[in-house]
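For reference, the chains in residue letters:
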Amino acid sequence: MSFTDEIAKRRTFGVIAHPDAGKTTLTEKLLLFGGAIQEAGAVKSNKIKKGATSDFMEIERQRGISVATSVLAFNYKDKKINILDTPGHKDFAEDTFRTLTAVDSVIVVVDVAKGVEEQTEKLVEVCRMRNIPMIVFINKLDREGKDAFDLLDEVEKKLDLKVTPLSFPIGMGYDFKGIYNIWEKNINLFSSDSKKNINDLITISDLSSDELDNLVGNSSADKLRDELELVEEIYPEFNREAYLSGELQPVFFGSALNNFGVRELLDCFVEIAPSPRPKDSDTRTVNPNEDAFSGFVFKIHANMDPKHRNRLAFVKIVSGTFEKNKAYMHVRLGKNLKFSSPNAFFAEKKEIVDISYAGDIVGLPDTGNFKIGDTLTEGEKMQFKGIPSFSPEHFRYINNADPMKSKQLEKGIDQLMDEGVAQLFTLEMNGRKVIGTVGALQYEVIQYRLEHEYGAKCTYENFSAFKACWVRPEDAKNEEFAEFKRVKQKFLARDKSGQLVFLADSEFSIQMTQSKFPTVKLTFVSENV
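Residues numbered from 1 in each chain as written. Predicted model: local features only at pLDDT ≥ 70, side-chain atom pairs only at ≥ 80, totals over all residues. Heavy atoms only, no water.

- In the nomenclature of an unreviewed UniProt entry, the protein chain is known as Peptide chain release factor 3 of Avrilella dinanensis.
- Checking UniProt for the protein chain, the heading Function (unreviewed entry) contains the comment "Increases the formation of ribosomal termination complexes and stimulates activities of RF-1 and RF-2. It binds guanine nucleotides and has strong preference for UGA stop codons. It may interact directly with the ribosome. The stimulation of RF-1 and RF-2 is significantly reduced by GTP and GDP, but not by GMP."
- In the Subcellular location (unreviewed entry) part of its UniProt record, the protein chain is described as follows: "Cytoplasm". (UniProt positions renumbered as here; feature names shortened; annotations may be inferred.)

### Digging into helix H10 (residues 262-272)
Here's step 1: The element H10 is largely enclosed, with a buried count of 10 among its 11 residues.
Here's step 2: Val262, Arg263, Glu264, Leu265, Leu266, Asp267, Cys268, Phe269, Val270 and Ile272 are the residues of H10 that are buried. (Buried < 20%, exposed > 50% of the residue type's maximum accessible area, 1.4 Å probe, protein only. Helix = DSSP H or I, 4+ residues; strand = E, 2+ residues; numbered from the N terminus.)

### Some thoughts on the packing of helix H2 (residues 23-33) against H10
Here's step 1: At their nearest, the axes of H2 and H10 sit 10 Å apart, and the two run at 70° to each other. With respect to H10, the axis of H2 lies roughly perpendicular. Mapping the contact onto sequence places Leu26, Lys29, Leu30 and Phe33 in H2 and Val262, Arg263, Leu265 and Leu266 in H10.
Here's step 2: Considered class by class, the residues forming the contact of H2 with H10 number 6 nonpolar, no polar and 2 charged. (Axes fitted to C-alpha atoms, helices over the stretch in contact; angles between N-to-C directions. Parallel < 35°, antiparallel > 145°, perpendicular 65-115°, else oblique. Contact = heavy atoms within 4.5 Å. Nonpolar A, V, L, I, M, F, W, Y, C, P; charged D, E, K, R; others polar.)

### Some thoughts on the nonpolar core
Here's step 1: Within the largest apolar cluster, 57 residues are counted, with the highest numbers of intra-cluster contacts made by Val106, Phe168 and Phe253.
Here's step 2: If one sorts the elements of this core by residue count, helix H6 (residues 148-159) sits on top with 6 residues.
Here's step 3: Both domains that meet at this core, namely domain 1 (3-169 + 236-274) and domain 2 (280-377), each give it at least three residues.
Here's step 4: Ranked by size, the runner-up nonpolar core spans 33 residues in total, among them Leu30, Ile83, Phe269 and Val270. (Core = buried A, V, L, I, M, F, W, Y, C linked by side-chain atoms within 4.5 Å. Domains from an automatic or database assignment.)

### Regarding the sheet that holds strand E30 (residues 492-494)
Here's step 1: Read from one edge to the other, the open sheet built from 8 strands follows the order E28-E25-E27-E26-E30-E31-E29-E32, with strand pairing classed as antiparallel. Two strands lie at the open edges of the sheet, namely strand E28 (458-462) and strand E32 (520-523), each paired on one side alone. Between one strand axis and the next, the sheet turns through 40° on average, direction left out of account.
Here's step 2: Note: strand E29 (residues 467-473) against strand E31 (residues 500-504), 4 bridges, orientation antiparallel. Bridge assignment links Lys467 to a residue of E31, and that residue is Ala504. (Pairing = 2+ DSSP bridges.)

### Thoughts on the environment of Asn289
Here's step 1: By the secondary structure assignment, Asn289 is in the loop between strand E13 (285-286) and strand E14 (294-302).
Here's step 2: Here the alpha-carbon distance between Asn289 and Ser319, two residues 30 residues apart in the chain, equals 5.9 Å.
Here's step 3: Setting aside anything within four residues of it in sequence, one finds Asn289 in contact with Phe3, Thr4 and Ile7.

### Here's the deal with the pattern of salt bridges
Here's step 1: Here the structure, examined in full by the defined rule, presents 27 salt bridges.
Here's step 2: Between Arg10 and Glu6 there is a salt bridge; the shortest N-O distance is 2.7 Å. Note on accessibility: Arg10 and Glu6 belong to one class, buried.
Here's step 3: Between Asp360 and Arg10 there is a salt bridge whose closest N-O contact spans 3.0 Å. With Asp360 in the loop between strand E21 (355-357) and strand E22 (361-365) and Arg10 in strand E1 (residues 10-17), this pair connects stretches of sequence that are 350 residues apart. (Salt bridge = Lys/Arg side-chain N within 4 Å of Asp/Glu carboxyl O.)

### Describing H2
Here's step 1: Along H2, 10 of the 11 residues are buried, which leaves the element largely enclosed by surrounding structure.
Here's step 2: Along H2, the positions that sit buried rather than exposed are Lys23, Thr24, Leu26, Thr27, Glu28, Lys29, Leu30, Leu31, Leu32 and Phe33.

Here you go:
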């Protein structure tokens with residue numbers, strides 16, 4: 001297969017949702033349909049070792065939530081599918097935002113009973129800003145929930161999307177009979193037995209025929225006919241170009257837990273979803289089918305295997321091919337590196353690969369060379385853009401609880417911050433360390449991981465701050481900036497990259513600072529992670 005064919009067959013996407021919408025379950029069922037696993041194991045079940053779950057960190061297993069992005073891959077219908085299963089919990093949103101820089105499209109999961117929730121709104125907003133193609137999957141149809149049209153209406157209004165259903169439910173909850181696949185013109189009848197034959201489809205060429213009544217009963221058949229007529233009148237016809245440009249979002253209905261509606265979603269997805277897309281760097285736009293390799297680090301994960309203190313940098317390949325044992329330039333460090341064991345991911349297994357193509361995700365064993373946002377090339381000096389670090393919302397001093405383990409604590413904090421778990425600020429005035437997080441739960445994760453992975457113990461102390469503002473003076477040598485530093489010295493710190501940060505204690509303080517020092521710009525996002 002030629003180089004361009006290999007790239008064209010790649011589909012790299014993220015699954016996003018509010019916690020408990022069924023995101024991880026959907027990911028597992030996609031793997032099940034793709035033949036990557038034989039049995040799906042729920043996150044909280046005891047089948048964790050044999051089931052394919054994308055939640056592999058111990059703390060995730062205890063809580064039953066995803067706190068790190070998992071990378072999973074499988075082949076389906078001659079396409080290479082790369083799934084990035086993201087954390088839904090708002091306390092880990094920053095990991096999800098960064099992951100969205102590495103995907104070419106997204107599946108948004110919505111709970112039929114709860115509808116569109118707050119975290120989904122935030123994540124979809126990021127996708128919309130970047131024109132990422134989205135497919136919506138309305139999940140848990142076997143439970144009582146909102147009316148299908150009400151849900152479609154809610155998705156359009158709350159998420160500011162333009163939707164078109166490509167499948168439609170026949171009933172819901174106790175009356176759920178199955179799904180009519182508008183895309184393929186067939187019916188999948190529902191059985192509550194989750195081990196049912198997943199290819200149990202009935203093709204219906206004419207919805208007005210008695211065949212439909214015989215399958216689902218007269219009243220359900222009549223209701224479906226009326227609803228499909230309404231769908232045709234209200235919603236635009238599916239247009240792939242509009243979907244790819246982020247202007248139209250197809251919607252599928254199903255129940256991931258019962259393997260239901262997932263095949264319809266997957267079959268349509270492999271046909272319509274984009275192959276790898278171009279990405280902007282600070283010098284030019286890089287196209288996937290260029291011969292020269294380029295890629296960027298969007299995630300770093302330490303200690304994926306607790307038995308070995310290893311650390312992996314996840315690289316999204318933007319262009320060309322990545323080959324084992326070939327030297328590539330680490331642009332920020334300006335040095336060449338070789339990788340003898342690049343990893344690819346199939347379900348929960350890691351495999352060493354000889355060659356990977358644009359669109360693929362490779363895990364590179366890392367001894368501390370990488371930071372999130374780093375670019376690798378074959379020699380070209382450029383930096384990929386749009387890998388953000390957001391202002392934290394929680395701040396605490398971190399203290400060493402065991403003076404004998406200060407080196408371990410320092411190393412642990414250093415590595416966890418490189419992963420992007422949280423942000424570290426060192427106060428200019430006294431050198432004390434402050435950890436900033438998007439959510440309070442991250443402090444638990446940091447404490448747990450420092451103790452279990454690095455043998456270090458820490459305690460926290462409240463630090464009163466409202467937002468971290470990165471300081472961007474128009475002129476670093478003028479008097480106004482010097483005065484700003486003198487007045488605000490108690491609140492100034494350096495981030496891990498050495499950038500100056502103003503840890504403001506209130507919204508009012510930010511407004512007053514901006515009016516008093518107009519040439520000192522304050523920003524809530526830093527791209528130099």
